[in-house]
Amino acid sequence: MKKFIYSSIFFLGSIPFLVFPQVDKTAGREFILLDGELMEKAKARIAFGAQQPLLPAMQALLREADEKLEEGPFSVTHKKQLPPSGDIHDYTSMGPYWWPDPEKEDGLPYIRRDGEINPEYYDYRDKEELGKLMTALRVLSQAHFFSENERYAAHAIDLIRAWFIHPETKMNPNLNYAQRIPGRTEGRGIGIIDTRSFAELPDILYILSRSEHWDAAVEQGMHEWISHYLDWLVNSAHGRDEAIHGNNHTTWYFAQTIPLALYVDQHERADSLVRVGLPLILDEMIEGDGSQPKELDRTRSWDYSAMNLLGIMSYVQAAAQSGRDLWTYENPKGGSIRKAIDFMLPYLSEKNTWPHNQIQEKRNKRLAEPLAIAARVYQHKPYKHLSEQIAVAGNGFRYWDLLDYRDLRE
């Protein structure tokens with residue numbers, strides 16, 4: 001049965017938006033990481049007049065989306081130096097924490113200074129371009145979802161064509177030369193962390209496929225690109241290394257491979273990845289007290305603990321598509337996702353000093369998104385309060401701002 005979006009008029013401030021009837025082209029698909037139920041509920045409330053509490057978030061989203069209309073296109077072909085392959089379409093980046101050896105005249109091979117970024121890292125533009133692309137796609141797709149404004153979808157789809165499909169500008173579906181280290185290696189498995197935002201790509205594509213600007217060529221092009229990239233992730237030496245790396249790299253490997261597998265209808269592969277990832281992530285990475293020792297060993301232990309926690313939650317959200325509810329899973333050590341959240345909460349207060357190494361300023365906002373997800377999953381209102389308190393005002397749209405307190409328990 002086809003699902004329809006009914007026409008209505010709603011207002012953002014004094015600006016009217018008319019939503020026309022249209023067939024939902026994503027019927028039969030499901031969101032993977034985005035909370036589709038929450039988003040549909042927020043959209044319905046806006047469309048049918050109960051929009052006032054949602055206005056600030058929506059206005060912020062549309063302002064940011066308008067800015068993104070002026071950005072791009074982005075491409076791996078914008079870099080000035082060729083990768084070792086000689087093919088400008090091969091993604092290339094440098095390991096951020098590797099520096100010239102001061103004891104060597106030529107500085108080679110580079111040596112590691114964990115947590116300290118070598119300025120040379122910024123000479124490689126591919127990672128920067130990718131970051132801008134994914135931010136733009138995230139904002140534009142959500143703006144299209146809530147406003148039905150085709151301008152946002154049209155520009156997002158143009159950005160997708162440039163990065164993934166057009167022969168002149170597309171990225172080859174591999175990361176053979178990601179996070180190279182001068183004098184040591186031209187690419188590493190841990191370079192796969194560069195594309196962790198691809199975990200969000202299927203949901204972005206689902207939203208954009210509602211647009212009149214989406215066509216069969218884009219659908220086929222993305223299906224082919226993701227299929228080839230997924231095969232590389234699963235079968236390449238770099239991919240196999242990353243899957244068992246043992247910290248946030250392993251987490252984000254599974255957090256992106258599972259959604260990508262689901263998008264291209266490789267459900268058996270997705271199920272297999274869920275099963276393989278479970279002991280490597282939920283059993284190995286969280287202690288009985290909720291600490292994440294592999295991240296606490298880092299020089300930016302707060303940042304990496306929060307980053308890994310979000311990756312774990314993304315893995316669990318994706319695993320739910322395979323029928324596995326891991327939100328209440330407790331490992332043999334007594335560790336769980338909720339304990340990992342609660343382990344970090346006391347240190348949001350200025351009264352409690354984070355007792356682990358953190359060579360940069362501790363930014364509490366890194367927990368904003370995990371807390372918002374946890375508020376919805378565990379139906380726990382205090383998580384929502386904390387998420388709002390630590391989120392940075394004016395720092396862009398956060399779709400979890402649309403989570404209504406009426407949906408939560410104390």
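Residues numbered from 1 in each chain as written. Predicted model: local features only at pLDDT ≥ 70, side-chain atom pairs only at ≥ 80, totals over all residues. Heavy atoms only, no water.

Asks: For this particular structure, what's the right way to read the overall build of the protein chain?
Replies: Within the protein chain, the secondary structure is distributed over 14 helices and 8 strands. The proportion of buried residues among the 410 residues of the protein chain is 57%. Residue pairs in contact within the protein chain that sit at least 24 positions apart in sequence constitute 72% of those at least 6 positions apart. Entry remark: accessible area of the protein chain is about 18000 Å², with carbon and sulfur atoms responsible for 51%. (Helix = DSSP H or I, 4+ residues; strand = E, 2+ residues; numbered from the N terminus. Buried < 20%, exposed > 50% of the residue type's maximum accessible area, 1.4 Å probe, protein only. Contact = heavy atoms within 4.5 Å. Areas by Shrake-Rupley, 256 points an atom, 1.4 Å probe, with all protein chains shown as cover.)

Asks: How should I be thinking about the pattern of salt bridges in this particular structure?
Replies: As a working rule, side chains carrying opposite charge can pair if their charged atoms are close by. Tallied over the entire structure, the rule returns 23 salt bridges. Arg 161 is paired through a salt bridge with Asp 215; the nearest N and O atoms lie 3.4 Å apart. With Arg 161 in helix H4 (residues 150–165) and Asp 215 in the loop between helix H5 (201–208) and helix H6 (216–235), this residue pair connects regions lying 54 residues apart in the sequence. It is possible to trace a salt-bridge network through shared partners that takes in Asp 35, Glu 37 and Arg 376. (Salt bridge = Lys/Arg side-chain N within 4 Å of Asp/Glu carboxyl O.)

Asks: Hey, could you run me through helix H8 (residues 248–263) in this one?
Replies: Since the α-helix turns once every 3.6 residues, residues separated by three or four places project in the same direction. Between the first and last C-alpha of H8 there are 23 Å, a value that for 16 residues agrees with the 22 Å anticipated at 1.5 Å per step. With 16 of its 16 residues buried, H8 lies for the most part within the structure. Downstream of H8 by one or two residues, Asp 265 has phi in the positive range, about 60 degrees. (Expected span 1.5 Å × (residues − 1).)

Asks: How do you make sense of the packing of aromatic side chains when you look at a structure like this?
Replies: For any two aromatic rings, the description comes down to two numbers: the centre-to-centre distance and the angle of the planes. Counted under the stated rule, the structure contains 15 aromatic pairs. On the numbers, 6.2 Å between centres and 80 degrees between planes, the contact of Phe 343 with Trp 354 is edge-to-face. Highlighted residues: Phe 343 in helix H12 (residues 337–344) and Trp 354 in the loop between H12 and helix H13 (368–377), separated in sequence by 11 residues. Using a relative accessible area of 17% as the deciding quantity, one classes Phe 343 as buried. Members of the aromatic cluster, joined through ring pairs, are Phe 164, Phe 198, Trp 225, Tyr 229 and Trp 232. Here Lys 43 stacks its cationic end above the ring of Phe 145, 4.8 Å away from the centre of that ring. Positioned above the aromatic ring of Tyr 304 is the side chain of Arg 298, whose terminal nitrogen or guanidinium carbon lies 4.1 Å from the ring centre. (Phe/Tyr/Trp six-rings, centres within 6.5 Å; stacked < 30°, edge-to-face > 60°. Lys NZ or Arg CZ within 6 Å of the ring centre and 35° of its normal.)

Asks: How should I be thinking about the nonpolar core in this particular structure?
Replies: Inside soluble globular proteins, nonpolar side chains tend to come together where they are buried. In terms of nonpolar packing, the biggest core is built from 109 residues, with Leu 282, Tyr 315, Ile 337 and Ile 341 touching the most fellow members. If we ignore the near neighbours within four places in the chain, the residues touching Ile 341 are Leu 309, Met 313, Leu 371, Ala 374, Tyr 378 and Tyr 383. In terms of nonpolar packing, the next biggest core, distinct from the first, is built from 5 residues, Met 94, Trp 98, Tyr 110 and Ile 181 among them. (Core = buried A, V, L, I, M, F, W, Y, C linked by side-chain atoms within 4.5 Å.)

Asks: Sorry if this is basic, but what is going on with the packing of helix H1 (residues 36–47) against helix H3 (residues 125–147) here?
Replies: When two helices pack together, you describe them by how their axes are tilted relative to each other and by the distance separating the axes. It is the contact of H1 with H3, at a shortest axis distance of 9 Å, that shows an interaxial angle of 50 degrees. Comparing their axes, H3 and H1 come out oblique. Residues Met 39, Glu 40, Ala 42, Lys 43 and Ile 46 of H1 touch H3, and the partners they reach there are Gln 142, Phe 145 and Phe 146. Split by residue class, the contact of H1 with H3 holds 5 nonpolar, 1 polar and 2 charged. (Axes fitted to C-alpha atoms, helices over the stretch in contact; angles between N-to-C directions. Parallel < 35°, antiparallel > 145°, perpendicular 65-115°, else oblique. Nonpolar A, V, L, I, M, F, W, Y, C, P; charged D, E, K, R; others polar.)

Asks: Just checking my understanding: could you explain H3 for this structure?
Replies: For H3, built from 23 residues, the straight-helix expectation of 33 Å at 1.5 Å per residue is met to within 8% by its first-to-last C-alpha distance of 33 Å. Looking one or two residues past H3, Glu 148 carries a phi angle of roughly 60 degrees, positive in sign.

Asks: Would you explain the environment of Val 377 in this entry?
Replies: By secondary structure assignment, the location of Val 377 is in helix H13. Between the alpha carbons of Val 377 and Thr 328 there is a distance of 10.0 Å; along the sequence they are 49 residues apart.

Asks: Quick question: what am I supposed to make of the side chain of Glu 150 here?
Replies: Looking at the element boundaries, Glu 150 is found in helix H4. Here the side chain of Glu 150 touches Glu 212 through a polar contact of 3.5 Å, landing on its backbone nitrogen. For Glu 150, the side chain forms a polar contact with the side chain of His 213, separated by 2.9 Å. Glu 150 has contacts with His 144, Ser 211, Glu 212 and His 213, leaving out every residue within four places of it along the chain. (Polar contact = N/O pair within 3.5 Å; in protein donor to acceptor, adjacent residues only side chain to side chain.)

Asks: What's the story with the environment of Ile 312 in this structure? I'm lost.
Replies: Within the element layout of this structure, Ile 312 appears in helix H11 (residues 301–319). Relative accessible area serves as the criterion here: at 0%, Ile 312 is assigned to the buried category. Taking the C-alpha atoms as reference, Ile 312 lies 8.5 Å from Asn 248; in sequence the two are 64 residues apart. Every residue in contact with Ile 312, bar those within four places of it in the chain, is listed here: Thr 251, Ile 281, Leu 282, Ile 286, Gln 292 and Ile 337.

Asks: I keep staring at the confidence of the model for the protein chain and nothing clicks. Help me out?
Replies: Of the residues in the protein chain, 87% have a pLDDT of 70 or more, and the chain-wide mean is 88. With pLDDT under 50 throughout, residues 1–28 is counted as low confidence; its partners more than four residues away or in other chains account for 59 contacts. (pLDDT = per-residue confidence, 0-100.)

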